[in-house]
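One-letter residues, chain by chain:
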Amino acid sequence: MCNCSKGKYYITTPIYYPSGNPHIGHCYTTVACDTIARFKRMQGYDVMFLTGTDEHGQKIELKAEEKGVTPKAYVDEIVDNFKRLWETMGISYDRFIRTTDDYHVEAVQKIFKTLYDKGYIYKGEYSGKYCTPCESFWTESQLVDGKCPDCGREVIDAHEEAYFLRLSDYADKVEKFLTETDYLQPKSRVNEMVNNFIKPGLEDLCVSRTSFKWGVPVDFDPGHVVYVWVDALSNYITALGYDNDKYDDFGKYWPADMHMTAKEIVRFHSIVWPIILMMLDLPLPKRLYGHGWINFNGQKMSKSLGNVIDPFVLAERYGSDAVRYQILRDMPYGSDCNFSNEIMISRINTDLANDFGNLVSRTVAMADKYFGGTLPEEREYDQLDDELVEMASALCGKVTPMIGEARLSNALEEIFRVVSRANKYIDETEPWKLGREECSKPRLASVLYNLLESIRICSGLLFPFMPKTMPKVWQQIGADESMTAYDTLGTFGVLPGNVTVHKGEVLFPRIDMEKEIEELNSLLVPAKTIREDEDLDKANVITIDQFAEVKLRSGEITACEKVKKSKKLLKLTVDDGRNGRQIVSGIASWYQPEELVGKKIVFVANLAPAKLCGELSEGMILACDAGENDVRVLFLDKDVPNGSTIR
């Protein structure tokens, strides 16, 4: 969409660990990188967009063993699902790397040997704590309440012969790199890395294992496999041809312009990765952005809330562009965000259907009604035009640096300010009144042209965010590809004066919230009840440690009423033995509010708060299926103290 050339731009996602199928969290990072990559291509950059999968490690080996397949067969199936999801979500990656690819394995072995020959890797014995899910080694002092500081799970004692990387030799250099450059963003993460990992004394990193076999073999010492982080981090250069013959564009694209990761692996990308590159005498990447987490309000796949988070289901029901928009719009820069189907539906209805979609359909419909679809070139100016024209003209200049800095939510907010202003402009100019008099037609033509131009600029800037929908907008407003090129988006007045519009389909149909949640609930009803003694795998067996993460407490319902906006929800006031809390539960079909008051119940106390139909819910009460279309709450004896721990 731009004929100019501005040089190269190399952007990467982390390579995802295929121990399970992709979820909405994977989507955020990949969609964010895709949006930036698409925008940079619009600007005229030669873009390399890399993603892939990190397929080695003990966890993969154990999961494959449980299923009775080889580790490679296990990851092959899941990797196919990742690729299928990226196609569904419209991800325009240029290269996909798998750490099981032969060229990557060969290159990692060479990198490991180079570091060993240079004296940066030495042989020793590891004795300490290890988190299997995170594939991370920790010292006793780094644990939080005796558990992994990243995921909060239990760690195990580990003792084995291993190779170590001399990170400690580079503590001063990597601290200087983090504090004196803009590499790590947001800046708040710099203090976290320096104070938590470097200042206390940067310890050498264990970079090989002997307790499992599924990994890149250390070719000069049989029995050792390369530890996951040297293997995984190297993908960013091996995918460009470093130390292999598969590709030959390392010199063209390195160093990376942006690595994007979730915050839990920022430590490895901000400390370990730059040190490895320093040891290899390679240029350092320009930017690392560690984004926040998507929280599911503790209600993943909840029957009562219809909280379906399977991205395939979401994309099928709402369209991939709507999913892309919502997760990017609601993730603040550097912070966490909440996700629920209610949040997504509300965002689709408000921003996409009411604001943007309605702006397009109203404008096109009025041009068609009053001018047969083609605007006359005679115009009449009014001061009411100035603010909209100025805002639309300045939009590209405001949004461009935001997208370059991964401030995607801010960029969307800025675009939708202009969308809102355009809708307000319709109310101010009242085109339906102008259309009544022939003498007002020049003024009406100006109003509609200003609206079409504002839509052109907004839709051009929205294209990287919603690449499947915006071309439909351009067709409706009479714009061809040249009129939505990046170089035109800072100029007001690109559409021809006699532009012809074309009425089209509704871009984002409104969704009936209550009906949709009900339908999503039905999707969660299993086709067949699986008994644990029939199929342990399908029964979702958990460990005692996983169960211990759920805090169950006793409480007494002191007040109860129906939620006005819902037929299924009750609002419970619960004495939890502390400060009290409000819980919203989908049990209105089975209980009247008055019969619940005074009852003792069991509730999940450490559930992330959520808003359901506008009401705050701080927990979930326990109930059971008591037959077809019948639910029964679990009640306790009256003498059980409020706030007691259930175990």
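Use the structure listed above.
A few points on the structure. (Residues numbered from 1 in each chain as written. Predicted model: local features only at pLDDT ≥ 70, side-chain atom pairs only at ≥ 80, totals over all residues. Heavy atoms only, no water.)

The largest bend along helix 13 (residues 341-371) reaches roughly 40° and is located at N358. Positive phi shows up at G372, right after helix 13, with a value of about 65°. (Bend = angle between axes of the 7 residues up to and from the residue. Helix = DSSP H or I, 4+ residues; strand = E, 2+ residues; numbered from the N terminus.)

Once that is clear, we can look at the pairing of strand 3 (residues 95-98). The two faces of strand 3 match: R95 and I97 on one face and F96 and R98 on the other face are all buried. Across 4 bridges, strand 2 (residues 46-53) lies against strand 3 in parallel orientation. The residue bridging T51 from the neighbouring strand is F96, located in strand 3. (Buried < 20%, exposed > 50% of the residue type's maximum accessible area, 1.4 Å probe, protein only. Pairing = 2+ DSSP bridges.)

Take the pattern of salt bridges next. Applying the stated criterion across every chain, the model contains 40 salt bridges. Between D76 and K72 there is a salt bridge, with the nearest N and O atoms lying 2.9 Å from each other. Pair noted here: D76 and K72 are both in helix 3 (residues 71-88), with a separation of 4 residues, about one helical turn. A salt bridge links E519 to R317, with the shortest nitrogen-to-oxygen separation between them at 2.8 Å. Within this pair, whereas E519 is found in helix 19 (residues 513-523), its partner R317 is found in helix 11 (residues 311-318), the two being separated by 202 residues in sequence. (Salt bridge = Lys/Arg side-chain N within 4 Å of Asp/Glu carboxyl O.)

Right, let's talk about the packing of aromatic side chains for a bit. What describes a pair of aromatic rings is the distance from one ring centre to the other and the angle between the planes of the rings. Taken as a whole, this structure holds 27 aromatic pairs when the rule is applied. Ring centres of Y10 and Y253 lie 6.5 Å apart, and the angle between their planes is 50°; on these two criteria the pair is classed as tilted. Placement of the pair is Y10 in strand 1 (residues 8-12) and Y253 in helix 9 (residues 250-253), with a sequence separation of 243 residues. Looking at Y10, the relative accessible area reads 0%, which means it is buried. Here the aromatic residues Y10, Y236, Y242, F250, Y253, W254 and W273 are joined through ring pairs into a cluster of three or more. In this arrangement the basic side chain of K113 is found over the ring face of F220, its NZ or CZ atom lying 5.8 Å from the centre. Geometry around F268 places R267 over its ring, the cationic atom sitting 4.3 Å from the centre. (Phe/Tyr/Trp six-rings, centres within 6.5 Å; stacked < 30°, edge-to-face > 60°. Lys NZ or Arg CZ within 6 Å of the ring centre and 35° of its normal.)

Another point: the environment of F177. With respect to the secondary-structure elements, F177 resides in helix 5 (residues 171-180). Sequence separation between F177 and L284 is 107 residues, and the spatial gap between their C-alpha atoms is 9.4 Å. When near neighbours in sequence (up to four residues on either side) are disregarded, F177 contacts Y183, P274, M278, L284 and P285. (Contact = heavy atoms within 4.5 Å.)

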